[in-house]
Amino acid sequence: MTESNYDEIMQLLCDRLSSLTNSDTQITPETNMISQLSIDSIKLLNLIMEIEDTFDVSIPINALTDIHTVRELADLVHKIKSAS
Amino acid sequence: MNLLEKLDAAAAARKSLLPNGVGAFGIPIEEVYSATEARIGDRRVLLFGTNNYLGLTFAPECIRAAHEAIDKEGTGTTGSRMANGSYFGHRALEREFADFYQCSSGIVFTTGYQANLGTISGLVGPGDTVLIDGDSHASIYDGCILSGADIIRFKHNDMVDMEKRLRRLGDRVETTLIIAEGIYSMLGDQAPLAEIVKLKNAYNCILLLDEAHSLGVLGETGQGLVEKTGLLKEVDFITGTFSKSLCSIGGFCVSNHPQLEQLRYISHPYIFTASPSPATIASTRAALVLLSKGSDLRKQLWSNCTQLYSQLEETGYLLGPDPGPVISAILDTPQQALQLWQSLLEHNIYVNLILPPAAPEGKSLVRCSVNAAHTTEQIKYVGDTFSKLYNMI
Ligand SMILES: Cc1ncc(COP(=O)(O)O)c(C=O)c1O
């Protein structure tokens, strides 16, 4: 998968997260989704479903245990998409 | 933040939702008078927030059986099913559950929560997949996490969404377990079992159905959604609880797959906990007899459900899609739900308050549950009070 696909994933995540959060925090790859954006667990799970549909992949929600920042989530999606 | 400060932060978040020390969660019930009435503080309240669907909490047959079991076998087994905790009653109840569902095997667990934990973590493991409804009960989520399998959610009761996710799994469907519930505990709606079964067969997966809220409620003999839909033989594993229509505590899994028996040797939630007490098993056995012969109770229950559901619907409340013993008024904000819940309590009516994220889609719920012992007058009083309070929210 190419660099532009990675950027596309990152862009999509930033857009969706900014519509889900009530916080004014500027979203960057290093933003922590739970502590800085206060995205609750259910919102995050629903976001995963959306990402699965956008990129036509399966993302197991247990893979999220180690994911805190936007970059970590983008890496995970990118890895799964590249392997599929 | 250290560990204790994290708990303080969580407590502060909860207090901000529930001002003035309102004790909506874990409200103390001081005295229980019957299946429909109790005392909270100095109020005698109507109980419309229990899971006592057939109203059997004081059934004389169950109370007598529990008394006799305590006298004969003592208060507890003090051990695991694997060691000294498998009494005659445990094995008999397993046989009775298997017969009730016309299945070859049955296993009894110490709670319904553990029935899901133990069954799911016994059936799947790392490298396998569980495909679960997005609104699944916490015991299903926790069972999946304990198993180490990959967890994929589909949109609640959405079969197009479920098929999409099955298709994406490719060859992995061979080791995929699909999980759904007979009646969902928050909105009271039922799973589209016929369509789930069609997909399960098309993709050749295994299906587990949790009949926790539908046992005793759906079907001629009360088996649940499997009986109502005539699909008993199509469901691979059925789990359920004793804590709702059977009015005790415990859980079960039944199946026609002989491999179910293997769970007794590998399932930690089955092995590493004490078995249900003799009184619990005895009252459950008596309650299962009443439940299976309880078509009159079910008739009464459904007439009660329809009465309350229609009145709330006519008043204008937004409700779950299927009428049934769980009737939830869906509200936009936690404040509206809290206000309605509190006013109902001031009118001596106890119901459940459900706030996000426990309620689906960020909504808040005032959840009522109806039982077969409620009288027409009690239901009318509750319906009238909801109507009176409608404009307040
Ligand atoms: C759908 C569902 N499954 C399982 C359980 C767990 O049952 P128990 O109360 O026996 O632990 C419940 C009850 O809370 C439930 O609602």
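Because the structure is a prediction, the values reported are computed rather than measured.

Q: Help me understand the overall build of chain B in this model?
A: Looking only at helices and strands, chain B features 14 helices and 14 strands. In terms of C-alpha radius of gyration, chain B reaches 21 Å, essentially the compact-globule figure of 21 Å for 393 residues. Expressed as a percentage of its 393 residues, the buried residues of chain B come to 56%. Sequence-distant contacts in chain B: of pairs separated by 6 or more residues, those separated by 24 or more amount to 68%. Looking at chain B as shown, the accessible area adds up to about 16400 Å², and 55% of this sits on carbon and sulfur atoms. Considering chain B, the positive charge centre built from 32 side chains and the negative charge centre built from 42 side chains are found 1 Å apart.

Q: Sorry if this is basic, but what is going on with the side chain of Thr 69 of chain A here?
A: Residue and element names in this part refer to chain A. Locating Thr 69 in the fold gives a position in the loop between α2 (41–55) and α3 (70–83). According to the relative accessible area criterion, Thr 69 is buried, its value standing at 14%. For Thr 69, the contacting residues outside a window of four places in its chain are Pro 29, Glu 30, Thr 31, Asn 32 and Met 33.

Q: Would you explain the site of the ligand in this entry?
A: Residues and elements named next belong to chain B. Not every one of the 15 residues close to the ligand is listed here, only the nearest: Gly 112, Asp 210, His 213, Thr 241 and Lys 244. At 3.2 Å from an oxygen atom of the ligand is found a side-chain nitrogen or oxygen belonging to Lys 244. At three residues, the largest contribution of residues to the shell around the ligand is made by helix α4 (residues 112–123). Grouping the constituent residues of the shell around the ligand by class yields two nonpolar, 10 polar and three charged.

Q: What's the story with the domain arrangement of chain B in this structure? I'm lost.
A: You'll often see interface size given as the accessible area lost when the parts meet. Residue and element names in this part refer to chain B. Annotation of chain B at the domain level lists domain 1 (17–54 + 295–390) and domain 2 (60–292). The C-alpha centroid of domain 2 is placed 26 Å from the C-alpha centroid of domain 1. In this assembly, 20 residues from domain 1 lie in contact with 20 residues from domain 2. With both chains or domains summed, domain 1 and domain 2 bury close to 1700 Å², and 59% of this area falls on carbon and sulfur atoms. For the pair domain 1 and domain 2, the interface holds 10 residue pairs in polar contact (both at pLDDT 80 or more). Put simply, the parts of the chain that give the side of domain 1 that touches domain 2 at least two residues each are α12 (295–315), β11 (326–331) and β14 (364–369). Sort the elements by how many residues they give to the side of domain 1 that touches domain 2 and α12 lands first, with four residues. When grouped by side-chain class, the residues that make up the side of domain 1 that touches domain 2 number 12 nonpolar, five polar and three charged.

Q: What is the right way to look at the nonpolar core in this model?
A: Side chains of a nonpolar character, in soluble globular proteins, are inclined to be buried together. Tyr 101 and Phe 386 of chain B are the most contacted members of the largest nonpolar core, which has 91 residues in total. The leading source of residues in this core is helix α11 (residues 278–292) of chain B, at seven residues. Not counting the four nearest positions on each side in its chain, Phe 386 of chain B is found in contact with Leu 312, Tyr 317, Ala 329, Leu 340, Leu 344, Val 366 and Cys 368 of chain B. Leu 45, Phe 55 and Ala 74 of chain A together with Leu 208 of chain B belong to the second largest nonpolar core, which has 49 residues in total.

Q: How should I be thinking about the interface of chain A and chain B in this particular structure?
A: If you look at the interface, chain A gives 13 residues, while chain B gives 16 residues. For the pair chain A and chain B, the two sides together bury roughly 1300 Å², of which 51% comes from carbon and sulfur. The tally of links from chain A across to chain B stands at six salt bridges. As a salt-bridge pair, Asp 53 of chain A and Arg 168 of chain B come within 2.9 Å of each other at their nearest N and O atoms. The class makeup of the residues in the side of chain A that touches chain B is seven nonpolar, three polar and three charged.

Q: In this structure, what is going on with the packing of aromatic side chains? I would like to understand it.
A: When we look at a pair of aromatic rings, we describe it by the centre distance and by the angle of the planes. Residues and elements named next belong to chain B. All told, the structure shown has seven aromatic pairs over all chains when counted by the stated rule. Taken together, a centroid distance of 5.0 Å and an interplanar angle of 75° make the contact between Tyr 317 and Tyr 390 edge-to-face. Of this pair, Tyr 317 sits in the loop between α12 and β11 while Tyr 390 sits in the segment after α14 (376–389); the two residues are 73 residues apart in sequence, bridging distant segments of the chain. For Tyr 317, a relative accessible area of 6% puts it in the buried group. Three or more aromatic residues link up through ring pairs in this structure, and these residues are Phe 97, Phe 100, Tyr 101, Phe 242 and Phe 252. Sitting over the face of the ring of Tyr 33, Arg 44 holds its NZ or CZ atom 4.1 Å from the ring centroid.

Q: Any chance you could explain the confidence of the model for chain A here in plain terms?
A: Caution applies to low-pLDDT regions: their predicted coordinates should not be interpreted in detail. Looking at chain A, pLDDT values average 88 and 95% of them are 70 or higher. The weakest mean pLDDT in chain A belongs to helix α1 (residues 3–20) of chain A at 87; the strongest belongs to α3 of chain A at 93.

Q: Is there a simple way to think about the sheet that holds β11 of chain B in this case?
A: Strands in a sheet are paired, the pairing made by backbone hydrogen bonds, and the direction either parallel or antiparallel. Residues and elements named next belong to chain B. Judged by pairing direction, the sheet is antiparallel, and its three strands sit side by side in the order β11-β14-β13 without closing on themselves. Of all the strands in the sheet, just β11 and β13 (352–354) have a single pairing partner and so form its edges. With strand direction ignored, the average angle separating the axes of adjacent strands in the sheet is 25°. The pairing of β11 with β14 spans six bridges and is antiparallel. Within the sheet, the bridge partner assigned to Ala 329 lies in β14 and is Val 366. In this fold helix α13 (residues 334–346) packs onto β11, β13 and β14, with an angle of close to 30° to the strand it touches most, β14.

Parameters and conventions
Residues numbered from 1 in each chain as written. Chains lettered and ligands numbered in written order. Predicted model: local features only at pLDDT ≥ 70, side-chain atom pairs only at ≥ 80, totals over all residues. Heavy atoms only, no water. Helix = DSSP H or I, 4+ residues; strand = E, 2+ residues; numbered from the N terminus. Rg over C-alpha atoms; globule rule 2.2 N^0.38 Å. Buried < 20%, exposed > 50% of the residue type's maximum accessible area, 1.4 Å probe, protein only. Contact = heavy atoms within 4.5 Å. Areas by Shrake-Rupley, 256 points an atom, 1.4 Å probe, with all protein chains shown as cover. Lys, Arg positive; Asp, Glu negative; His and termini not counted. Charge placed at Lys NZ, Arg CZ, Asp CG, Glu CD. Near = heavy atom within 4 Å. Polar contact = N/O pair within 3.5 Å; in protein donor to acceptor, adjacent residues only side chain to side chain. Nonpolar A, V, L, I, M, F, W, Y, C, P; charged D, E, K, R; others polar. Domains from an automatic or database assignment. Buried area = accessible area lost by both parts, 1.4 Å probe. Core = buried A, V, L, I, M, F, W, Y, C linked by side-chain atoms within 4.5 Å. Salt bridge = Lys/Arg side-chain N within 4 Å of Asp/Glu carboxyl O. Phe/Tyr/Trp six-rings, centres within 6.5 Å; stacked < 30°, edge-to-face > 60°. Lys NZ or Arg CZ within 6 Å of the ring centre and 35° of its normal. pLDDT = per-residue confidence, 0-100. Pairing = 2+ DSSP bridges. Axes fitted to C-alpha atoms, helices over the stretch in contact; angles between N-to-C directions.

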